[in-house]
Amino acid sequence: METSRDAPTASGRRQWWALAGFAAAVFVAAAIGGLGVQGTTDEYASLRQPDWAPPSWLFGPVWSLLYALIAVAGWLVWRRVGFSPALWAWTAQLVLNAIWTPLFFGAGRYGLAFAEIVLMWLAIGLTVVLFARVSRVAAALLLPYWAWVTFAAALNLSIWQLNS
């Protein structure tokens, strides 16, 4: 016999639905990025790239992990303070994330993509700072993402310079 203590609470269900919502938001950003790279594999392979550029197969697994961390970080902050300025920053960086891939891959606008990734990097930094005030764990979950975007910005700049 199930007791009331064993039954999921409305608040508990709401928390899990919220996590699903954060995952869905991140999935949409990833999907927009995915649409931006469709059919661009050969074009990307033909670009002059620095020797330190990672193999293209690495991007999918790395981004999958990072997107999961981004979703959980947002959810953790939401659980503590609801939709606050910290989550507006989270939303802004996610929108910028979705825009970068179509700019770089779809449009081949490497200079504009570099300017955009600098804005994204700043937005991620602001998000980390604001998240740290609410949840150090949530802020820490964004650090690998920020590091990867730092690397991606350097790669973007290098590709732009090599192919101008």
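Some points on the overall build of the protein
Part 1 of the argument: Looking only at helices and strands, one finds six helices and zero strands in the protein.
Part 2 of the argument: Ordered by position from N to C terminus, the α and β elements of the protein give α-α-α-α-α-α.
Part 3 of the argument: In terms of its C-alpha atoms, the protein occupies a principal-axis envelope of roughly 65 × 35 × 25 Å.
Part 4 of the argument: Going through the 164 residues of the protein one by one, you find that 43% of them count as buried.
Part 5 of the argument: Taking the contacts inside the protein whose residues are at least 6 apart along the sequence as the reference set, 78% of them involve residues at least 24 apart.
Part 6 of the argument: Per element, the accessible surface of the protein, about 9300 Å² overall, is 68% carbon and sulfur.
Part 7 of the argument: When the 9 positive and 6 negative side-chain charges of the protein are each reduced to one mean point, those points stand 16 Å apart.

Thoughts on helix 4 (residues 85-106)
Part 1 of the argument: Taking 1.5 Å per residue as the helical rise, helix 4 with its 22 residues ought to reach 32 Å, and the 32 Å between its terminal C-alpha atoms agrees with that figure.
Part 2 of the argument: The first or second residue beyond helix 4 is Gly108, which carries a positive phi of 65 degrees.

Each value, and the rule that gives it
Within any chain, residue numbers begin from 1 and follow the written order of that chain's sequence. With the structure being a predicted model, the display of local features is reserved for residues of pLDDT at least 70 and the display and counting of side-chain atom pairs for 80 or more, all residues being used for whole-chain, interface and lining totals. With hydrogens and water excluded, all non-hydrogen atoms of the structure serve as input to the side-chain values. Each helix is a run of DSSP H or I of at least 4 residues and each strand a run of E of at least 2, with the numbering of both proceeding from the N terminus. Each residue gets one of three labels from its accessible area relative to the maximum for its type: buried under 20%, exposed over 50%, partly exposed in between, using a 1.4 Å probe on protein chains only. Residues are treated as being in contact if the distance between any of their heavy atoms lies within 4.5 Å. Here the accessible surface of atoms and residues is derived via Shrake-Rupley with a 1.4 Å probe, and residues count as covered only by protein chains that are part of the display. Residues scored as positive are Lys and Arg, those scored as negative are Asp and Glu, and His as well as the terminal groups of each chain are ignored. Each charge is placed at NZ for Lys, CZ for Arg, CG for Asp and CD for Glu. For a helix, the expected span equals 1.5 Å multiplied by the number of residues minus one.

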